[in-house]
Amino acid sequence: MFSQVRSASTIGVNALIVDIETHVENGMFNFALVGLPDNAVRESRERVGAAIKNSGLAMPIRRYTVNLAPADVRKEGSGFDLPIALGILAATDQIAGELLRGTLIVGELALDGALRPVHGILPVVLEARAHGLRRILLPRENADEAALVDGIEVIPLESLRQTSEFLNAGLTIGSHHVDREVLFRHRDDTGLDLSDVKGQENVKRAFEVAAAGGHNVIMVGPPGAGKTMIAKRIPTLLPPMTFEEALETTKIHSVAGILPGSTPLVASRPFRSPHHTISDAALVGGGLGVARPGEISLAHHGVLFLDELPEFARNALEVLRQPLEDNRITISRTKLSLTFPCNFMLVSSMNPCPCGNFGNPNTDCTCSPPQIQRYMSKISGPLLDRIDIHVEVAAVKYRDLASKRSGESSAQVRQRVIAARGVQAERFGRRDGVYKNADMGSRDLRDFCQLDAPCQDLLKMAMSKLGLSARAYDKILKVSRTIADLADAEAIRPEHLSEAIQYRSLDRQFWNV
Ligand SMILES: Nc1ncnc2c1ncn2[C@@H]1O[C@H](COP(=O)(O)OP(=O)(O)O)[C@@H](O)[C@H]1O
Ligand SMILES: [Mg+2]
Ligand SMILES: [Zn+2]
């Protein structure tokens, strides 16, 4: 007897339809699983056998051959348990095989036959729909996430026994629905707002500019100045996610298995803040076994915050460079390479020196020049090349802290950010890969950041007077374009330029002590 069941496996943030063919013949008991299964899939043999028996169903003494096709693609995960079990039940006439037509099946089985949720459901359902399948059978815990996709029936199930009863029409289970509008509108409110931050008007302004142009930022300031506090509030300044962006980010969180059951849709911009001891693999993705998206991909369409940047291993900062350039990361494996998107805003912070008091008028710095130099050199060069805005964060003034007056709310700032993004979207139109000022390449700079004579003179003078490096030049142009956009100005004017010049403090030569 023969049966065929459809399932799917994730590959990166996408899914691949897998056909599970089961052939049963008379003979001594044997259960062979072929078609390049990884460890988790191989263990599936043991789980499936036990689950069938413990569900009051039979696995008669026969020779079973189960093939996962296409055979030349590596399949990962535990989601094949349920389809393999159903393939066996169909091949041994315990359920009718034609009931499985047009149906995709995923789910892990416990030994007692209960169904357990699997990772990466969203890409699987999207692929099933693209394949013209009409319904998907899956563990109940995965149903909300699956129902984000319309145009395909989602049947939530609890156990193998219940699944067989459902297929044999002894049991009716309706298609599962979620209100996508409600999920999308109901962004989890973190309760954080820019108005919590007292004073620090120049820092807030710098982040308004950064959010408006999508620029990466580094903050420099003493401990306790509020750097971490401000960073956490940056997602509230960015434009709200579109549904499309929310789905893209959800896919990554789904594959990583970090989607909270209560909120199947990532509708708010992520804020990821890995500790400085993080490994390269956890930061950019990869690792042994199943390739997992890293923090940079979990931050897709949101913010990656690297607090205390010089504490990170030099190598970790090195591996960030390419993905910052490309907005995606490719992880190479022996048999295949996976690409994960990682379009994020980098926000980082550092103390001005190891003791934190360099440049502080009230407290003396106890660091020696070589110590400071070593500290600064950790972030030098290539990574700094990807950061458009440097913000000096001074210790908050007592007068500001004690003040009852609260500054602007995140929503007010966000309004201006959205307007400036609108100007950029219109300007770049169909330029490939350029959506915001931070994305501009040299051609775009030539086309959109022309300086008139007074501006040219100003920039020339600033470059030589402040000792700015050549790499500062393009960044200043980009950032002044954003500042002009916030002011709804067609041309870059001297006041835009001089504000942008202020955001290059780490390029100034006094740092090279
Ligand atoms: N501008 C500010 N307004 C209100 N509270 C502040 C401000 N700056 C700092 N604080 C308070 O000081 C604490 C320490 O700030 P933090 O963000 O951890 O500083 P840093 O990261 O620069 O070391 C914050 O949790 C907050 O309670
Ligand atoms: Mg901090
Ligand atoms: Zn110091």
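What you see is a predicted model; the values in this text were computed from it and never measured.

Regarding the site of ligand 1
In the vicinity of ligand 1, 14 residues are found, and the nearest of them are K198, G226, K227, T228 and M229. If you tally residues by element for the shell around ligand 1, the top one is helix 8 (residues 227–231), at 3 residues. Taken together, the residues that form the shell around ligand 1 break down as 6 nonpolar, 6 polar and 2 charged.

Points about the sheet that holds strand 10 (residues 217–220)
Reading across the sheet, the 5 strands line up as 11-14-17-10-18 and stay open at both edges, with parallel pairing between neighbours. Of all strands in the sheet, those with a lone pairing partner are strand 11 (271–272) and strand 18 (389–392), marking the two edges. Where strand 10 and strand 18 come together, 4 bridges link them in parallel fashion. Among the inter-strand pairings, V220 is bridged to a residue of strand 18, identified as E392. Here helix 7 (residues 201–213) sits on the sheet and contacts strand 10 and strand 18; the angle it forms with strand 18, its principal contact strand, is near 165°.

With respect to the domain arrangement of the protein chain
When the parts of a complex come together, some accessible area is lost, and that lost area is often used as the size of the interface. By domain assignment, the protein chain separates into domain 1 (2–178), domain 2 (194–351 + 371–438) and domain 3 (440–513). Measuring from the centre of the C-alpha atoms in domain 2 to the corresponding centre in domain 3 gives 22 Å. With 26 residues of domain 2 at the interface, the matching set in domain 3 holds 19 residues. Broken down by secondary-structure element, the contributors of at least two residues to the side of domain 2 that touches domain 3 are helix 7, strand 10, helix 13 (369–377), strand 18 and helix 15 (410–428). Counted by class, the side of domain 2 that touches domain 3 contains 14 nonpolar, 6 polar and 6 charged residues.

Some remarks on the nonpolar core
Side chains that are nonpolar tend, in soluble globular proteins, to be buried together. Among the nonpolar cores identified, the biggest contains 132 residues, and A85, V125 and I136 are the most heavily contacted of them. For this core, the element with the most residues is helix 2 (residues 81–91), which contributes 8 residues. Those residues in contact with I136, other than ones at most four positions away along the chain, are L104, V125, A128, A146, I152, V154 and I155.

Thresholds, definitions, all that
Residues numbered from 1 in each chain as written. Chains lettered and ligands numbered in written order. Predicted model: local features only at pLDDT ≥ 70, side-chain atom pairs only at ≥ 80, totals over all residues. Near = placed C-beta within 6 Å. Helix = DSSP H or I, 4+ residues; strand = E, 2+ residues; numbered from the N terminus. Nonpolar A, V, L, I, M, F, W, Y, C, P; charged D, E, K, R; others polar. Pairing = 2+ DSSP bridges. Contact = placed C-beta atoms within 7 Å. Axes fitted to C-alpha atoms, helices over the stretch in contact; angles between N-to-C directions. Domains from an automatic or database assignment. Core = buried A, V, L, I, M, F, W, Y, C linked by C-beta atoms within 7 Å. Buried ≥ 20, exposed ≤ 12 C-beta atoms within 10 Å, placed from the backbone.

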